[in-house]
Amino acid sequence: MQFTPSKLNTFMFFKLPSAFWSGVRVKSISPEVCAVTVKHRWFNQNPFNSMYFAVQAMAAEFTTGALVMLQIKQSGKSISMLVAQNKSVFTKKATGRIKFTCNQGNLIKETIQKAIDTNEGQTIWLTSTGKNEKGEQVSEMQFEWTIKVRG
């Protein structure tokens, strides 16, 4: 699969339909940075007139996971990936369009190379920050990914 926003959004439609129907969309991806947006609307709201935390988590997780998938593909190796833990901090109501960004592609590349070199499973904590249209942080989520070379 090519790693373009449209290809990743098609992937999301088929493999993560709850994220797709909640409005999560990839806006940009490079080897270093992935940006995803989601807009607060009736379908993804909570009773407090803001975006449900799980929708924010889907968008944030996708920024980290897409970067891991991209770096795995670029490595040319068969590597498994799985979220082991996550942590979240919510600092402001999520209303309007929220943009989640992870900029740790280089750290992911180093971790994958270490897994290849040592043939041992590795873990990596990745952070995605969600900001509203005013640039104010609404949430920060961290995901611990496990990475292991298959075979």
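Check the entry above for the structure.
The rules behind these values
- Residues numbered from 1 in each chain as written.
- Predicted model: local features only at pLDDT ≥ 70, side-chain atom pairs only at ≥ 80, totals over all residues.
- Heavy atoms only, no water.
- Salt bridge = Lys/Arg side-chain N within 4 Å of Asp/Glu carboxyl O.
- Helix = DSSP H or I, 4+ residues; strand = E, 2+ residues; numbered from the N terminus.
- Buried < 20%, exposed > 50% of the residue type's maximum accessible area, 1.4 Å probe, protein only.
- Contact = heavy atoms within 4.5 Å.
- Polar contact = N/O pair within 3.5 Å; in protein donor to acceptor, adjacent residues only side chain to side chain.
- Phe/Tyr/Trp six-rings, centres within 6.5 Å; stacked < 30°, edge-to-face > 60°.
- Lys NZ or Arg CZ within 6 Å of the ring centre and 35° of its normal.
- Pairing = 2+ DSSP bridges.
- Arc of directions from axis to C-beta.
- Patch = residues over 30% accessible without salt bridge, like charges linked within 9 Å, V, L, I, M, F, W, Y side chains within 5 Å.
- Areas by Shrake-Rupley, 256 points an atom, 1.4 Å probe, with all protein chains shown as cover.

Student: Just to check I follow, could you spell out the pattern of salt bridges for this structure?
Tutor: One side chain can pair with another of opposite charge once the charged atoms of both are near each other. All chains considered together, the criterion is met by one salt bridge. Linking Glu-136 and Lys-92 is a salt bridge whose minimum nitrogen-to-oxygen distance equals 3.9 Å. Residue Glu-136 is located in the loop between strand 5 (122–131) and strand 6 (137–149), and its partner Lys-92 is located in the loop between strand 3 (79–90) and strand 4 (97–102); the two are separated by 44 residues in the primary sequence. A relative accessible area of 30% means that Glu-136 is categorised as partly exposed.

Student: Looking at this model, I keep getting lost on the environment of Lys-93. Mind explaining?
Tutor: Position of Lys-93 relative to the elements: it lies in the loop between strand 3 and strand 4. Separated by 44 residues in the primary sequence, Lys-93 and Gln-137 have C-alpha atoms spaced 9.6 Å apart. If we skip the residues at most four places from it in the chain, Lys-93 touches Phe-48, Ser-50 and Val-138. Only 2.6 Å separates the side chain of Lys-93 from the backbone oxygen of Phe-48, close enough to count as a polar contact.

Student: Looking at this model, I keep getting lost on unusual backbone geometry. Mind explaining?
Tutor: Glycine aside, residues mostly have negative phi angles, and peptide bonds mostly take the trans form. With a phi close to 60°, Asn-49 is a non-glycine residue in the positive phi region. Among the secondary structure elements, Asn-49 is positioned in the loop between strand 2 (34–39) and helix 3 (53–75). For Asn-49, a relative accessible area of 51% puts it in the exposed group. A positive phi angle, near 55°, is found at Asn-119, a position not held by glycine.

Student: Hey, could you run me through the packing of aromatic side chains in this one?
Tutor: What describes a pair of aromatic rings is the distance from one ring centre to the other and the angle between the planes of the rings. Scanning the model with the defined rule gives five aromatic pairs in all. Seen in terms of ring centroids, Phe-13 and Trp-21 are 5.9 Å apart; in terms of plane orientation they differ by 65°. Their pairing is edge-to-face. A residue is classified by how much of its surface remains accessible, and Phe-13, at 33% relative accessible area, is partly exposed. Aromatic rings pair up to connect Phe-13, Phe-14, Phe-20 and Trp-21 into one cluster. The ring of Phe-20 carries the charged tip of Arg-25 above its face, separated from the ring centre by 3.8 Å. Between Lys-87 and the ring centre of Trp-125, over which it is positioned, the NZ or CZ distance is 4.6 Å.

Student: I tried to follow the pairing of strand 1 (residues 25–29) on my own but got confused; where do I start?
Tutor: Walk down a regular strand and you will see the side chains alternate between the two sheet faces. Here four bridges tie strand 1 to strand 2, and the two strands are oriented antiparallel to one another. Directly across from Val-26, in strand 2, lies its bridge partner Val-36. The turn linking strand 1 back onto strand 2 is made up of four residues.

Student: When you look at helix 1 (residues 5–15) in this model, what are you seeing that I'm missing?
Tutor: For an α-helix, 3.6 residues make a turn, and residues three or four places apart therefore share a direction. The set of residues buried in helix 1 consists of Leu-8, Asn-9 and Met-12. Angular distribution of buried residues about the axis of helix 1 spans 100°; they occupy a single face of the element. Turned more than 90 degrees away from the buried face of helix 1 sit Ser-6, Phe-14 and Lys-15, all of them exposed. Packed against the buried residues of helix 1 are helix 2 (17–21), strand 1 and helix 3.

Student: Please explain a nonpolar patch on the surface as it appears in this structure.
Tutor: Together, Phe-13, Phe-14, Trp-21, Trp-42 and Phe-43 line one region of the surface with nonpolar side chains, adding up to about 680 Å² of accessible area. Mapped onto the elements, Phe-43 comes out in the loop between strand 2 and helix 3.

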